[in-house]
Amino acid sequence: MSKVIGKVLATEKNPSTMEEFYFWTRPELVLNPFDVVKVEHINNSKTYGVVEEISHITDSASFLADYISNDFGDIHTAPITHRIGMNYVKAKIVGNTENIYIPVLNGKSVAIAEKEEVSAALGLSTIKHPIPCGYLEMYQGAGEEDRVRLTVNMDSKYLIGPEGAHLNISGISGLAAKTSYAMFLLKGIQDKCLNALKSGDKDADEDVAFVIFNVKGKDLLAIDEPNVFDSEKEREEVLALYDELGLSKTPFKNVHYYYPYSDTRIHNTYLEKENVTKNIDNGKAHMFKYEYRHDKENLDLMFSSIDDPGQTMDSILNYIISGRGEFGNLDSWNDFLDKVKKCGEAGGHGDKEISVLSWRKFERIVKKSIYNNPLFGSIKATDKEIRISQALADIKKNEVHVIDIAKLSDDMQAFVFGDAIKAIYNLKLSPDDEANPPSKIVIFIDELNKYASSDVPKSSPILRQVLDIAERGRSLGIVLFGAEQFKSAIHQRVTGNCSTFAYGRTNAIELTKSDYRFIPSIYKSMMSRLKQGEYIIQNPVFRSLLNIMFPKPIYKQFKSK
């Protein structure tokens, strides 16, 4: 039988409503926000509430009255007047066993819920296509027998489609562990897909592939290798958590890496040369390049962060991509730069409607990215080099493609990211007759604010691609997992189309923004002090925000020096 902890309070100033109720408890009873409580209601039903706020009050009329009762502030004197006190709790209603939503009645007993009742109250017991997103712990202030530890699953239909799609993760860099949480979810998706294949389940969710961008150091350049833990005890604890959550204890499978092409002068990746060579020789990695013949149509991606109100850059790009002025007959990027330079000379041979000054501005922008950059060259006739769009055109289900852009400049990172999402979008929108793309492709990118913030120029081709994916991706089978420090900085059309949000530790100033106005004040306060590995999750299937935890990564982590 559940433990009764208090009774419902309904006063003139604070009545019970269809959305919330109050109850009193003993002052020494430890409850926490997000704890679930239940109230006996009419027709033998039970109403469930989630604790939002806890207050303590006494019968003291004012601060001054309490000061006087302590002999005018003598801290060593016992109070002359014994104050009667209690805690009262505000709870948000999340459900009723008989779908009865009239207010709960004054004086009704309030009790902590059993494990199965917590699951039902939060909407976790009806999930049909589970993907683990962490675990929650409740009643930590209660006795060991009353505590609840529960695996939290999302419904894949509301995470990667078709009912809902796209995930946004926000939080302070480092402390929020955004990349680790995104990779934890991706591992859950891959495990589900691989298990479905083994069991012969025809669930469409088994047909998923992943494209991941490595944007920081070597973070995601060994996700197919097991992690090395600090101690055997830590290893056993982490593996036990993966067991408890129903996940495999092995790192990612079917992983392929793409490093920016490097030469003897420039090493374009943080991974050591010997590891790069080893992975390429073992057939699980390529170096990628951009060829003029195939990739000149992506030149607009170099202008994603440049405002072009007069559309002069756009006119030049159209001129080049259409092959006018001999641009269609060139074979290399060096020939291209020479031709652009000639168009910028007085009396040059460019389009007469485009000024020489515009050509010179165009030359400065493209030369900064292309000149002496080993990424721009011809693909050698070996199996070690490849174009990103060519690689993604042949993506298969359950494959994980990791594209390393960490050591590239911001402009080149944007170029590679834009090229990849453009290739994926085109593949899903109009696949070749020979192509057989997975039904869903999940893209993960950290630092999403670089490409889809509200400050990015509206003419940015990358922003247009991201907005298309946010708005149409669910129906096309393209799912965006994005992470950033500040959710408020992301374009509203991107966040507005996300079905799932994960909030890690968040800056107090950020929490004052309008994006967080729907979150109760006590939850905002908790967000500013969440621990690493702890998140507050919002998803359409959940009846309330959930405070969850997740285990450390099971793939190799490179230690900071």
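Residues numbered from 1 in each chain as written. Predicted model: local features only at pLDDT ≥ 70, side-chain atom pairs only at ≥ 80, totals over all residues. Heavy atoms only, no water.

A. Looking closely at a nonpolar patch on the surface. Together, L64, Y67, I68 and F72 give the surface a local cluster of nonpolar side chains, amounting to about 430 Å² of exposed area. Look at F72 and you get exposed, because its relative accessible area is 55%. (Patch = residues over 30% accessible without salt bridge, like charges linked within 9 Å, V, L, I, M, F, W, Y side chains within 5 Å. Areas by Shrake-Rupley, 256 points an atom, 1.4 Å probe, with all protein chains shown as cover. Salt bridge = Lys/Arg side-chain N within 4 Å of Asp/Glu carboxyl O. Buried < 20%, exposed > 50% of the residue type's maximum accessible area, 1.4 Å probe, protein only.)

B. The arrangement of the nonpolar core in detail. Formed by 171 residues in total, the largest nonpolar core has its most connected members in Y181, I223, F336 and F481. It is helix α12 (residues 410-429) that contributes the most residues to this core, 11 residues altogether. Leave out the neighbours within four places in its chain, and Y181 touches C133, M154, I169, A502, Y535, I537, I548 and F550. (Core = buried A, V, L, I, M, F, W, Y, C linked by side-chain atoms within 4.5 Å. Helix = DSSP H or I, 4+ residues; strand = E, 2+ residues; numbered from the N terminus. Contact = heavy atoms within 4.5 Å.)

C. Local environment of helix α8 (residues 312-321). The complete set of buried residues in α8 reads M313, I316, L317, Y319 and I320. End-on view of α8: buried residues confined to an arc of 160 degrees, all on one side of the axis. G323 lies just past α8 and shows a positive phi near 85 degrees. (Arc of directions from axis to C-beta.)

D. Focus on the pairing of strand β6 (residues 109-112). Where strand β1 (residues 4-9) and β6 come together, 3 bridges link them in antiparallel fashion. Bridge assignment links V4 to a residue of β6, and that residue is A111. Sheet topology places strand β3 (residues 36-40) next to β6; 3 bridges connect them, and they run antiparallel. Along β6, the bridge assignment pairs V39 with V110. (Pairing = 2+ DSSP bridges.)

E. Fine view of the packing of aromatic side chains. Tallied over the entire structure, the rule returns 29 aromatic pairs. Each ring, one from F184 and one from F550, has its centre 5.8 Å from the other, and the planes form 40 degrees; the classification is tilted. Here F184 is found in helix α4 (residues 178-199), whereas its partner F550 is found in the segment after β19 (546-549), with 366 residues between them in sequence. Each member of the pair F184 and F550 is classed as buried. Note on W333 and F376: the rings are 5.1 Å apart at their centroids and 85 degrees apart in plane angle, and the pair reads as edge-to-face. Of the two residues, W333 sits in helix α9 (residues 333-343) while F376 sits in the loop between α10 (356-370) and β13 (385-386), which places them 43 residues apart along the sequence. In terms of burial, W333 and F376 fall into one category: buried. Members of the aromatic cluster, connected to one another through ring pairs, are F288, Y290, Y292, F303, Y319, F327, W333, F336, W359, F362, F376 and F415. Between K296 and the ring centre of Y292, over which it is positioned, the NZ or CZ distance is 5.8 Å. One Lys or Arg, K487, reaches over the ring of F501 and ends 4.1 Å from the middle of that ring. (Phe/Tyr/Trp six-rings, centres within 6.5 Å; stacked < 30°, edge-to-face > 60°. Lys NZ or Arg CZ within 6 Å of the ring centre and 35° of its normal.)

So yeah, pure geometry; function would need other evidence.
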